[in-house]
Protein chains: 2
Amino acid sequence: MALNGSFKRIVALAGGVGGAKLVAGLAACLPSGALTVIGNTGDDFRHYGLHVSPDLDTVMYTLAGIAHPINGWGIADDTRYVLDMLAHYGEAIWFSLGDRDLATNILRTHWLAQGWPLSRVTARLCQQLGIATRLLPMTDDPLATVVYTLEHGRLAFQEYFVRHRWQPTVQRLVYEGAETAQPAEGVLEALHEAEAIIICPSNPLLSIEPILQVRAIREALRARRAPCLAVSPIINGAALKGPTVKIMHELGLRADVVGVAEYYGDLIDALIIDEADRAVRMPQQCFVTNIRMLSSADRRRLAEEVLMMLGEVHP
Amino acid sequence: MALNGSFKRIVALAGGVGGAKLVAGLAACLPSGALTVIGNTGDDFRHYGLHVSPDLDTVMYTLAGIAHPINGWGIADDTRYVLDMLAHYGEAIWFSLGDRDLATNILRTHWLAQGWPLSRVTARLCQQLGIATRLLPMTDDPLATVVYTLEHGRLAFQEYFVRHRWQPTVQRLVYEGAETAQPAEGVLEALHEAEAIIICPSNPLLSIEPILQVRAIREALRARRAPCLAVSPIINGAALKGPTVKIMHELGLRADVVGVAEYYGDLIDALIIDEADRAVRMPQQCFVTNIRMLSSADRRRLAEEVLMMLGEVHP
C-alpha cells in the first residue's frame with residue numbers, strides 16, 4: 001500500500017462543489033505539486049459579456065481557501081455591489097456573481113480576449129492565489145453542456161441549472177463542441193503519467209461526462225494502466241447535492257450507487273460508496289466508507305482513505 | 001430677455017467634472033427635456049476589456065444626483081471590492097473604477113458588443129437612472145484623444161491623464177479617428193434646432209476640442225444662428241481643475257481667459273469670465289460673474305445667469 005507521501009502524480013477529475021471538496025482534501029494530504037485536477041468547463045458561459053467558468057472557479061476558490069463556506073461556490077464574504085447596480089439599471093439578476101468573483105471573470109475575459117487559452121488563464125489565476133495544485137480545464141476549446149427539457153426545450157446549461165433551478169425535466173443532454181474539442185495542454189500528459197486517477201463525487205452526467213466527451217481524454221482513460229477510482233456522488237439513493245438523482249432518473253438510468261457504477265463501467269476500477277449503501281449488491285469492486293464531507297477534516301480523512309484504497313485496487 | 005422657462009431647446013457641450021456641474025445647474029433651471037448635452041468621448045478607452053466613457057459617465061452620474069461629491073467623477077459611496085480583488089490577482093490598479101461604476105461599464109460593453117451604438121447605450125443608461133436631460137455622445141465612432149509627450153512619446157489619453165497624472169509635457173494632441181467620425185444620431189438635429197448653445201467650463205483642448213473635431217459638429221457650430229456662449233475654465237490664470245493652463249502653456253497658447261477666448265474664436269459669441277478677470281482686456285464680448293461652482297446652489301445660480309446672458313448676446 002502506497003503511503004500518501006509516495007504519490008507524485010495523481011490526477012483528479014472534478015466538477016463543482018463536491019468535487020472541489022475532495023480535491024481540497026487530496027491537495028492537503030499529497031506532496032505539493034503532486035495533484036493535477038482536470039476541471040469541467042461544460043458549464044462555462046458568457047454573462048454580460050464575461051466568460052464565467054463556474055466549476056473551475058469553485059475548485060480554484062476551494063483550493064485557495066477562500067470559497068464561500070456555505071454555498072461552496074463563490075468567495076467567502078463576497079459583496080454584491082456590482083449586481084445591485086445592474087439591478088438598479090433594470091437588469092434581472094438570476095446568476096449570482098459577487099464583486100470579488102466578478103474580478104476573476106473580468107480578468108479571465110480580458111486575458112482570453114488577448115488570445116490566451118483558458119488553461120493559461122487558469123494557471124495564472126491559480127498562481128496569483130498561491131495554489132500549488134495544477135488545475136487544468138479539460139479543454140481550451142468550446143464544449144458546452146446543453147439540456148433539452150420537456151417544459152422549455154433547449155436550455156443552455158446555466159439557464160437550466162440556475163435560472164430554472166434544475167426543475168425542468170431533462171430529456172436529453174448534448175455536449176456541443178465535443179466532436180472537435182481537444183484536451184487542454186497538459187491534460188493527456190497528466191493522464192498518461194498518473195500513478196492513479198480519481199473521479200471526484202461530482203454529477204456523472206453534468207460534471208464528469210463533459211470531461212469524458214473530449215474524445216482523447218476518454219481514450220486516455222480507457223488506455224490507462226494506473227488504477228482509477230470514483231467516489232459516488234449518491235448516498236442511499238439521494239444526491240449529496242444538486243440534481244444527480246433527478247437527472248439519472250429522468251434519463252432512465254438507475255439512480256443510485258449501482259447506477260453510478262454502471263454509468264462509469266470499465267472507465268473505473270472501483271467505486272467508493274457510503275456506509276449507508278454497504279448492503280447494496282454492486283456490479284464491480286467497491287470500497288465502503290463515510291463519504292460525506294461536512295468539514296475540512298472530513299475532506300482530508302476521505303482523501304487519505306481514497307489514496308489508501310488505491311493500493312487495494314485490482315484492475 | 002428670455003425667461004428660463006421659455007427655453008425649449010438648449011444644447012450644452014460638456015467634458016468632465018466642470019462641464020457636468022454646469023449641466024446639472026442648467027437641467028435644474030430649464031424645463032424638463034429642454035436640455036441636450038453633447039458629451040466628449042475622446043477620453044473613452046478599454047480597460048480590462050471594458051469600454052469606459054469617463055466624461056459621459058461623469059455627466060450622467062451628476063445628472064442622476066449620484067456623483068461622488070468630492071471627486072466629481074465616479075459614484076458617491078462606491079466601494080472597491082472588484083479593484084481590490086484585481087490587485088490581489090497582481091494587477092497594477094492605476095485607474096479607479098468603483099464597483100457600481102464597473103456595473104455601468106460592464107453593461108455598456110455588453111450592449112456595445114451586441115451592436116448597439118454608444119448613443120443608444122447612453123440613452124438606456126440615462127433612462128434607467130431617471131435622467132430627463134438628453135445626453136448624446138458626440139459620435140458613435142472611435143475618436144480618441146492621443147497625447148504626444150516630451151518624456152514618454154505617444155500616450156493614450158488615460159495613460160497621460162490618470163497613470164501619469166498629467167505631468168508629462170504635452171508636445172502635440174492628436175484626435176485619432178476625427179477624419180471619419182460622424183456625429184451620433186441626434187447631435188446635428190439638436191444643434192440645428194437649438195435656441196442657444198453653451199460650451200461648459202471644460203478643458204478646451206481635452207474636453208471640447210474632441211467634440212469639435214467631428215467635422216460636421218464644427219460646421220454646424222459655424223453655421224449656427226443661435227447664440228453660443230462659453231464659460232471659461234480658467235480664473236485668474238489658473239485652471240478650475242486639471243491641466244488646462246499647463247497644457248495651453250505647453251502648446252504655446254496664452255494660458256488665461258484671453259487664451260480661451262482666442263481658442264474658441266468665432267465659434268462663440270461671448271465668453272463668461274470670473275470677476276477675478278474683470279480687468280482683463282478681452283478680444284470679444286464677455287460677461288463677468290462668479291463662475292466658481294462650489295455648491296449645488298452655485299451651479300444653479302450660474303446656470304440661471306448664463307441663460308439670462310444669452311438674451312444679451314449680440315452675434
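Residues numbered from 1 in each chain as written. Chains lettered and ligands numbered in written order. Predicted model: local features only at pLDDT ≥ 70, side-chain atom pairs only at ≥ 80, totals over all residues.

An unreviewed UniProt entry lists chain A under the name 2-phospho-L-lactate transferase, with Candidatus Thermofonsia Clade 1 bacterium given as the organism.

1. Quick look at the overall build of chain A
How we decide: Think of it this way: any DSSP run of H or I at least four residues long counts as a helix, any run of E at least two long counts as a strand, and we number them from the N terminus. Only the C-alpha atoms count toward the radius of gyration. The rule for a globule is 2.2 Å times the residue count to the power 0.38. Put plainly, a residue is buried at 20 or more neighbouring C-beta atoms within 10 Å of its own, exposed at 12 or fewer, and partly exposed in between, counting only other residues' C-beta atoms, which are placed from the backbone. Contacts are defined on C-beta atoms placed from the backbone: any two residues whose C-beta positions lie within 7 Å are in contact.
Helix and strand counts for chain A stand at twelve helices and 14 strands. Against the compact-globule benchmark of 20 Å for 315 residues, chain A has a radius of gyration of 19 Å, which places it among compact chains. Dimensions of chain A, computed from the C-alpha atoms along their principal axes, are close to 60 × 45 × 40 Å. In chain A, buried positions account for 51% of the 315 residues. By sequence separation, contacts in chain A at least 24 residues apart represent 66% of the contacts at least 6 residues apart.

2. Here's the deal with the sheet that holds strand β8 (residues 170-176) of chain A
Residues and elements named next belong to chain A. Formally: By this definition, two strands are paired if DSSP reports at least two bridges between them. Axes here mean lines fitted to C-alpha atoms, for a helix over just the part in contact, with angles spanning 0 to 180 degrees between N-to-C directions.
The antiparallel open sheet is built from three strands, whose spatial order is β7-β6-β8. The open sheet terminates on both sides in strands that have one partner only, identified here as β7 (153-156) and β8. Taken pair by pair, the neighbouring strands of this sheet meet at an average axis angle of 25 degrees, ignoring direction. Relative to β7, strand β6 (residues 144-149) runs antiparallel, the two sharing four bridges. Looking across to β7, one finds that Y148 is bridged to R154.

3. A closer look at the relation of the copies chain B and chain A
Formally: In this comparison the copies share one frame, found by least squares on the C-alpha atoms of residues holding pLDDT of at least 70 in both.
For these two chains of identical sequence, chain B goes onto chain A by a turn of 180 degrees and a shift of 0.0 Å along the axis, with RMSD 0.0 Å. Accordingly, the operation relating the two chain copies is best matched by a two-fold axis. Rotation axis and chain B: the residue whose C-alpha lies nearest the axis is D99(B), separated from it by 3.6 Å. The fraction of interface residues of chain B whose copies in chain A are also interface residues reaches 100%, indicating that both copies meet through the same surface.

4. Brief notes about the interface of chain B and chain A
Selection criterion: All residues other than Ala, Val, Leu, Ile, Met, Phe, Trp, Tyr, Cys, Pro, Asp, Glu, Lys and Arg, Gly among them, are scored as polar; the first ten of these are nonpolar and the last four charged.
Each side of the interface is counted separately: chain B has 20 residues, and chain A has 20 residues. Counting only elements with at least two residues in the side of chain B that touches chain A, the list comes to α3 (81-88), α4 (99-113) and α5 (118-128) of chain B. Counting residues per element, the side of chain B that touches chain A draws most heavily on α4(B), which supplies nine residues. Residues of the side of chain B that touches chain A, tallied by class, amount to twelve nonpolar, six polar and two charged.

5. Quick word on the environment of P31(B)
All names here are of chain B. Residue placement: P31 occurs in the loop between α1 (17-29) and β2 (35-39). Judged by C-beta crowding, with 13 C-beta atoms within 10 Å, P31 ranks as partly exposed. Separated by 33 residues in the primary sequence, P31 and A64 have C-alpha atoms spaced 16 Å apart.

6. Regarding the sheet that holds strand β8 (residues 170-176) of chain B
Sheets are built from strands that pair by backbone hydrogen bonding, the pairs being arranged parallel or antiparallel. Residues and elements named next belong to chain B. Read across the open sheet, the three strands follow the order β7-β6-β8; overall the sheet is antiparallel. Two strands in the sheet have a free side with no partner beyond their single neighbour: β7 (153-156) and β8. Averaged over all pairs of adjacent strands, the angle between their axes in this sheet comes to 25 degrees, without regard to strand direction.

7. Quick notes on the packing of α4(B) against α5(B)
All names here are of chain B. Our working rule: Orientation labels follow simple angle bins: below 35 degrees gives roughly parallel, above 145 gives roughly antiparallel, 65 to 115 gives roughly perpendicular, and whatever is left gives oblique. Whether a crossing is left-handed or right-handed is set by the direction in which the near helix is turned from the far one by less than a right angle, anticlockwise for left-handed and clockwise for right-handed.
Relative orientation of the contacting elements α4 and α5 amounts to 140 degrees, with a least axis distance of 9 Å. In terms of orientation, α4 lies oblique with respect to α5. For the pair α4 and α5, the crossing hand works out as right-handed. Together, T104, L107, R108, W111 and L112 of α4 and L118, V121 and L125 of α5 make up the contact between the two elements. Residues that form the contact of α4 with α5 fall into these classes: six nonpolar, one polar and one charged.

8. Quick notes on helix α8 (residues 204-212) of chain B
An α-helical segment advances 3.6 residues per turn. Residues three or four places apart therefore align on the same side. With eight of nine residues buried, α8(B) is to be regarded as a mostly interior element. Burial in α8(B) covers these residues: P204(B), L205(B), L206(B), S207(B), I208(B), E209(B), P210(B) and I211(B).

9. Details of the confidence of the model for chain A
Just so we agree on the cut-off: The predictor rates its confidence in each residue with pLDDT, a number between 0 and 100.
On average, chain A scores 95 in pLDDT, and the residues at 70 or more come to 98%. Among the scores for the predicted complex, ipTM is 0.92 and pTM is 0.93.

10. With respect to the packing of α1(B) against helix α12 (residues 296-310) of chain B
Residue and element names in this part refer to chain B. Look at α1 against α12: their axes get within 7 Å of each other, and the N-to-C directions meet at 75 degrees. The angle between the axes of α1 and α12 places the two elements in the roughly perpendicular class. Contacts between α1 and α12 involve K21, L22, A24, G25, L26, A28 and C29 from the former and R299, R300, L302, A303, E304 and L307 from the latter.

11. Overview of the nonpolar core
Selection rule: Put simply, a nonpolar core is a cluster of buried Ala, Val, Leu, Ile, Met, Phe, Trp, Tyr and Cys residues tied together by C-beta atoms within 7 Å.
Of all hydrophobic cores here, the largest spans 203 residues; its most connected members are A12(A), V23(A), A12(B) and V23(B). Here A12(A) is in contact with V23(A), L26(A), L35(A), V37(A), I198(A) and C200(A), once residues within four sequence places are set aside.

12. Here's the deal with the pairing of strand β2 (residues 35-39) of chain A
All names here are of chain A. Quick note on the threshold: Seen with its strands pointing away from the viewer, a crossover is right-handed if its path from the first strand over the helix to the second goes clockwise.
Burial runs high along β2: five of the five residues are buried. The pairing of strand β1 (residues 10-14) with β2 spans five bridges and is parallel. Of the residues in β2, the one forming a bridge with I10 is L35. The parallel pair β1 and β2 is bridged by helix α1 (residues 17-29), and the resulting crossover is right-handed. Where β2 and strand β5 (residues 134-137) come together, four bridges link them in parallel fashion. Paired with I38 across the strands is L136, a residue of β5.

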